[in-house]
Amino acid sequence: MKQPSVSATVAFRPIFHPDRRRGQPLRRIFGALSLAAVAAAASALASEVPVAFRNTGMEEGTGTPAGWQKGPAVAGVQQVWDQKIAHGGKASLCLRKTVQRYFPIAQWSQFVPIAPENAARKLKVRCWVKTEAVTKAIVDVHYQGSSPQPGHAWAIFLGQKQDSDPILTHDWKLYEGVVEVPANSSKIGIALQIYGPGSVWFDDLQVAWIHD
């Protein structure tokens, strides 16, 4: 199936399954690293500046999740603040689609202004995701600025890139992606989206500017 083109550079990948290293002593995991490697890792973390999205653990709210907005209602889609399924706490944002079509897109979203002093143009997005029979879901970065039309870039892709690819079902897994944001942007947003049928849960979102 043909994907829409986007102008920004996108890189996305799953990081690791949460159970893979559970219970292993820290010295077994990190003991082989040299001091130089540890210093480089610390420097990389220091160069990331978190973006102040609200309620990224999906915990806050009364009746609805604080900070997050539902997109327009889509027939055959449930947009659920799920307080029974979660990664690190007691709630997540869920999209469940039962109809066999890709459009219109259903989503949860949130926008924040870009601080004027922030000169970084690369944005790193991390998110824990759980899927059940997902054909296509996205963590999308939106940006608005002086250009007549707003733009967007996919940070994380979940599901089938080709019709022959397997449908995605897995427990909680950490995904990460990096996108470039145009220099004239004054506002950015995160949209948690579902295109095709399936169920997807999002939790423990982290968004940060990367300073080279």
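What you see is a predicted model, and the numbers here were worked out from it, not measured in a lab.

Colleague: Give me the lowdown on the overall build of the protein chain, citing residues and values where you can.
Modeller: Each helix and strand in the protein chain was counted, giving 2 helices and 12 strands. In the protein chain, buried positions account for 42% of the 212 residues. Expressed as a percentage of contacts within the protein chain between residues at least 6 apart in sequence, the contacts between residues at least 24 apart total 77%.

Colleague: Let's hear about the nonpolar core: which residues, and what values?
Modeller: Counting residues in hydrophobic clusters, the biggest one holds 40 residues, and the most contacted among them are Leu123, Val125, Ile188, Ile190, Leu192, Val200 and Phe202. Counting 5 residues, the second largest nonpolar core, distinct from the first, contains Cys94, Trp128, Leu174 and Trp201.

Colleague: Can you tell me about the pairing of strand β5 (residues 92–97), naming the residues and giving the values?
Modeller: Among the 6 residues that make up β5, 5 are buried, leaving the element largely enclosed by the rest of the structure. Note that strand β4 (residues 77–82) and β5 share 6 bridges and pair antiparallel. Residue pairing across strands places Gln78 opposite Arg96, the latter belonging to β5. As judged from the 5 bridges shared by β5 and strand β12 (residues 198–210), these two strands associate in the antiparallel manner. Looking at the pairing, Arg96 lines up with Ser199 of β12.

Colleague: Tell me what's going on with the environment of Ala155, and back it up with residues and numbers.
Modeller: Its place among the elements puts Ala155 in strand β9 (residues 151–159). For the pair formed by Ala155 and Glu180, sequence separation is 25 residues and the distance between their alpha carbons is 9.6 Å.

Colleague: Describe the side chain of Gln160, with residues and values.
Modeller: As for its placement among the helices and strands, Gln160 is situated in the loop between β9 and β10 (168–180). A polar side-chain atom of Gln160 sits 3.4 Å from the main-chain carbonyl oxygen of Asp163.

Colleague: So what's going on with the side chain of Ser92? Residues and values would help.
Modeller: Inspection of the secondary structure puts Ser92 in strand β5. Polar side-chain contacts of Ser92 include one of 2.7 Å to the backbone oxygen of Ile85. When sequence neighbours within four positions are dropped, the list of residues in contact with Ser92 reads Met58, Val80, Trp81, Asp82, Ile85, Ala86, Trp172, Trp201, Phe202 and Asp203.

Colleague: Break down unusual backbone geometry for me, citing the residues and quoting the values.
Modeller: Here Phe103 and Pro104 are connected by a cis peptide whose omega angle stands at 0°. Mapped onto the fold, Pro104 is located in the loop between β5 and β6 (106–113). Of note, Ala133 is a non-glycine position whose phi angle comes to about 55°, a positive value. One can find Ala133 in strand β7 (residues 122–134). With a relative accessible area of 39%, Ala133 lands in the partly exposed category.

Colleague: So what's going on with the pairing of β9? Which residues, and what values?
Modeller: Among the 9 residues that make up β9, 7 are buried, leaving the element largely enclosed by the rest of the structure. With 8 bridges connecting them, strand β8 (residues 136–145) and β9 associate as antiparallel partners. Bridge pairing in β9 links Tyr143 to Gly151.

Colleague: Mind laying out the sheet that holds β8, listing which residues take part and the relevant values?
Modeller: With respect to topology, 5 strands assemble into an open sheet ordered β3-β6-β11-β8-β9, the strand pairing being antiparallel. Unpaired on one side and paired on the other, β3 (69–70) and β9 mark the two borders of the sheet.

Colleague: Tell me about the packing of aromatic side chains, residues and numbers included.
Modeller: Inspection of every chain in the model, using the stated rule, returns 3 aromatic pairs. On the basis of an interplanar angle of 75° and a centroid distance of 5.6 Å, the ring pair of Phe103 and Tyr195 is categorised as edge-to-face. One end of the pair, Phe103, is in the loop between β5 and β6; the other, Tyr195, is in the loop between β11 (185–194) and β12, and 92 residues separate them in sequence. Here Phe103 falls in the exposed class, since its relative accessible area comes to 52%. Overall, the relative accessible area of 4% leaves Tyr195 in the buried class. Between Trp154 and Phe157, the ring centres sit 5.6 Å apart and the planes meet at 45°, which makes this aromatic pair tilted. Here Trp154 and Phe157 have matching classes, each one buried. Through a chain of ring-to-ring contacts, three or more aromatic side chains come together here, namely Phe103, Trp154, Phe157 and Tyr195. When the ring centre of Trp201 is taken as origin, the NZ or CZ atom of Lys130, which lies over that ring, is 5.7 Å away.

Scoring rules and cut-offs
- Residue indices begin from 1 for each chain and proceed along its sequence in written order.
- pLDDT decides what is reported in this predicted model: residues at 70 or higher carry local features, side-chain atom pairs at 80 or more are listed and counted, and totals for whole chains, interfaces and linings draw on all residues regardless.
- The basis for every side-chain value is the complete set of heavy atoms in the structure, and neither hydrogens nor water enter the calculation.
- By definition, any uninterrupted DSSP run of H or I lasting at least four residues is a helix, any uninterrupted run of E lasting at least two residues is a strand, and each is numbered from the N terminus.
- Summary of the burial criterion: residues with accessible area below 20% of their type's maximum are buried, those above 50% are exposed, and those between are partly exposed, where the area comes from a 1.4 Å probe applied to protein chains only.
- The contact definition used throughout considers only heavy atoms, calling two residues in contact when any of these lie within 4.5 Å.
- The set of buried Ala, Val, Leu, Ile, Met, Phe, Trp, Tyr and Cys residues whose side-chain atoms join them within 4.5 Å is what this entry labels a nonpolar core.
- Only strands that DSSP links by at least two bridges are regarded as paired with each other.
- Distance and chemistry together define a polar contact, namely a pair of N or O atoms within 3.5 Å, with one atom able to donate a hydrogen and the other to accept it when in protein, and with adjacent residues in sequence counting only for side-chain atoms on both sides.
- Each Phe, Tyr or Trp ring, with Trp reduced to its six-membered ring, pairs with another whose centre is within 6.5 Å; inter-plane angles below 30 degrees give stacked pairs, above 60 give edge-to-face pairs, and intermediate values give tilted ones.
- Consider the ring centre and the ring normal. A charge sits over the ring if Lys NZ or Arg CZ is within 6 Å of that centre and within 35 degrees of that normal.

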